[in-house]
Amino acid sequence: MKLEMLPELLAAIAQGFQMGKTAKSLFAQKWEEGWEKNLTQWQAELKIQPVRA
């Protein structure tokens, strides 16, 4: 890893950490009961944010 990439890497780690804090637990879901839901519905219900580029 190049030292110049460190700020970008730390920003990505911080973003991922914040996304994880915001989202609801993925382990507590009954996935088999939600096959009819589309991805957008799951994202909204679980507060999963799309990754910003």
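Please read these numbers as outputs of a predicted model, since none were measured by experiment.

Got a sec to walk through the environment of proline 50? Specific residues and values, please.
Secondary-structure assignment places proline 50 in the segment after α2 (39-46). Linking proline 50 and methionine 19, residues 31 residues apart in sequence, is a C-alpha distance of 8.9 Å.

An account of a nonpolar patch on the surface is requested, with residue identities and associated values reported.
Taken together, the side chains of Leu3, Leu6, Leu9, Leu10 and Ile13 make up a nonpolar region of the molecular surface, amounting to roughly 460 Å² of accessible area. Position of leucine 3 relative to the elements: it lies in the segment before α1 (6-22). Taking the relative accessible area as the measure of exposure, leucine 3 reaches 64% and is therefore exposed.

Calculation criteria
Residues numbered from 1 in each chain as written. Predicted model: local features only at pLDDT ≥ 70, side-chain atom pairs only at ≥ 80, totals over all residues. Heavy atoms only, no water. Helix = DSSP H or I, 4+ residues; strand = E, 2+ residues; numbered from the N terminus. Patch = residues over 30% accessible without salt bridge, like charges linked within 9 Å, V, L, I, M, F, W, Y side chains within 5 Å. Areas by Shrake-Rupley, 256 points an atom, 1.4 Å probe, with all protein chains shown as cover. Salt bridge = Lys/Arg side-chain N within 4 Å of Asp/Glu carboxyl O. Buried < 20%, exposed > 50% of the residue type's maximum accessible area, 1.4 Å probe, protein only.

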